[in-house]
Amino acid sequence: GFFKSYAVEVDIKDASNATCLYADWMMRFLITYESNNGDYKTTTLNLSSNVTHNGSVCGNDTQAALVAVQFGEGHSWSINITKNNETYQGDFITLTYNTNDTAVFPDAKRKGPVTVLVKDPSRPVLLNTVFVCHSSFVIEAGNTTQIFWNITMQAFVQNGTVSKNETRCPADTPTSAPTVPPTTANVTTASTTTMSPAPTTAPKPVENPDTGNYSLKSGNKTCFLATVGLQLNVSQDKPLLININPKTTIADGACGNTTATLKLNDGNSTLIGF
């Protein structure tokens, strides 16, 4: 196993007892919480062997499908999936963890359920195809990191049968085969016509980020100090470089006895934690 955790299999039936949504996947969660003595600790929340899926619904053209699972001592996870013409796509993911679970949060200062809502970053999937992703991928939100792998899922299943047509996640897609150097045999039969490559415009260099001075105080004393220039390289459809502007960035966080957390918010939905 890539991670020690249990697999979840959810097979939701419609009124005629035909499968309308099928999902089989593995996941675990890393959660940072404040302990009773003011320290911040990171714990691992795994699925238990006893998982229920109360509240899951098929969905239709006007209502979102919902996969909802409950596990452990008051923990739950769900994703709602919307249908749009020829595709379906995850909308929002909701994780609720319960710090009253002393096996996972033995010394949590805050007691009770905590809910984290995050937008699903996955791309749309064609209807009547099953989404498959064996590779692991990570979604971070607030003080949680959600890790998923070995996913097989199809929403809005037609005729009660999970499709054999797959849509693979980008991480599962094999890279292009390396170019084979020409041998003496194929050089003599290859065309000798050559074409000069089209000139390319050099990309505009991105300026170095401005250096910011960020600090936290505990009472009248500075307990965390960072002098740093920050640039993010975001891998989406196109690479995106983002410089963090110190003039518009707010520092927040807390200092404990043995750990400290610095959170930088640039005001444009970018949150960086140290």
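Sequence order sets the numbering: in each chain, residues are counted from 1 along the sequence as written. Per-residue local features of the predicted model are confined to residues with pLDDT of at least 70, and side-chain atom pairs are confined, for both listing and counting, to 80 or more; whole-chain, interface and lining totals are unaffected and use all residues. Where side-chain values are given, they derive from all heavy atoms of the structure, hydrogens and water being excluded.

(A) Molecular detail of the sheet that holds strand β20 (residues 271-273). Strand order across the open sheet formed by three strands is β18-β19-β20, with antiparallel pairing between neighbours. The strands lining the two open edges of the sheet, one partner per strand, are β18 (250-255) and β20. Neighbour-to-neighbour, the strand axes of this sheet turn through a mean angle of 15 degrees, independent of strand direction. Strand pairing follows a simple DSSP-based rule, namely that at least 2 bridges must link the two strands. Labels follow the DSSP assignment, with helices taken as runs of H or I lasting at least four residues and strands as runs of E lasting at least two, numbered in each case from the N terminus. Pairing analysis gives six bridges linking β18 to strand β19 (residues 260-265), with the strands arranged antiparallel. Bridge assignment links Gly 253 to a residue of β19, and that residue is Leu 262. All axes are obtained by fitting lines to C-alpha atoms, using only the stretch in contact for helices, and the reported angles, taken between N-to-C directions, cover 0 to 180 degrees.

(B) Up close: the packing of aromatic side chains. Under the pairing criterion, centres of Phe, Tyr and Trp rings, with the six-membered ring standing for Trp, must be within 6.5 Å; the plane angle then separates stacked pairs below 30 degrees from edge-to-face pairs above 60, leaving the rest tilted. A complete count under the given rule lists seven aromatic pairs for this structure. Taken together, the aromatic side chains of Trp 25, Trp 77, Phe 137 and Phe 148 make up a single cluster linked through ring pairs. Either the NZ atom of lysine or the CZ atom of arginine qualifies as a charge over a ring when it sits within 6 Å of the ring centre and within 35 degrees of the ring normal. Above the face of the Phe 92 ring, Lys 119 is positioned so that its terminal group lies 4.9 Å from the ring centre.

(C) Layout of the nonpolar core. For our purposes a nonpolar core is just a set of buried Ala, Val, Leu, Ile, Met, Phe, Trp, Tyr and Cys residues, chained together by side-chain atoms within 4.5 Å. When a residue's accessible area, from a 1.4 Å probe over protein chains only, is under 20% of the maximum for its type it is buried; when over 50% it is exposed; and in between it is partly exposed. Ranked by size, the top nonpolar core spans 43 residues in total, and within it Leu 21, Trp 25, Trp 77, Ile 81 and Tyr 88 carry the most contacts. Counting residues per element, this core draws most heavily on strand β2 (residues 19-34), which supplies eight residues. Ignoring sequence-local partners within four residues, the contact set of Ile 81 consists of Leu 21, Ala 64, Ala 65, Val 67, Tyr 88, Gln 89, Gly 90, Asp 91, Met 153, Ala 155 and Phe 156. In this structure, Tyr 214, Ala 226, Leu 230 and Leu 262 belong to the second largest nonpolar core, which totals nine residues. Only heavy atoms enter the contact rule, under which two residues are in contact if any of them lie within 4.5 Å.

(D) Spatial organisation of empty space enclosed by the protein. Here a cavity means grid points, on a 1 Å grid over the protein atoms only, where a 1.4 Å probe fits yet cannot get out; a pocket means an open set of points with protein on both sides within 12 Å along at least five of seven lines; lining residues are those with an atom within 4 Å of a point. Grid points are joined across faces, edges and corners, and a volume is the space filled by probe spheres set on the points. The tally for this structure, following the rule as stated, stands at one cavity of 30 Å³ or more. Roughly 270 Å³ of volume is contained in the largest cavity. As for the largest cavity, its lining consists of 21 residues, of which Ile 79, Asp 120, Phe 131, Ile 151 and Met 153 are closest to the centre. Listed by contribution, the elements that provide at least two residues to the lining of the largest cavity are β2, β6 (75-84), β7 (87-98), β11 (137-141) and β12 (144-154). Note on residue classes: Ala, Val, Leu, Ile, Met, Phe, Trp, Tyr, Cys and Pro are nonpolar, Asp, Glu, Lys and Arg are charged, and everything else, Gly too, is polar. Of the residues in the lining of the largest cavity, the class split is 14 nonpolar, four polar and three charged.

(E) Region of interest: the state of the cysteines. Only a pair of cysteine sulfur atoms within 2.5 Å counts as a disulfide in this structure description. Inspection of the entire model under this criterion finds three disulfides. Between Cys 20 and Cys 58 runs a disulfide, and the two sulfur atoms are separated by 1.9 Å. An S-S torsion of about -70 degrees defines the bridge between Cys 20 and Cys 58 as left-handed. Taken as a pair, Cys 20 in strand β2 and Cys 58 in the loop between β4 (51-52) and β5 (65-71) lie far apart in primary sequence, 38 residues in all. On the basis of relative accessible area, Cys 58 is assigned to the buried category, the value being 16%.

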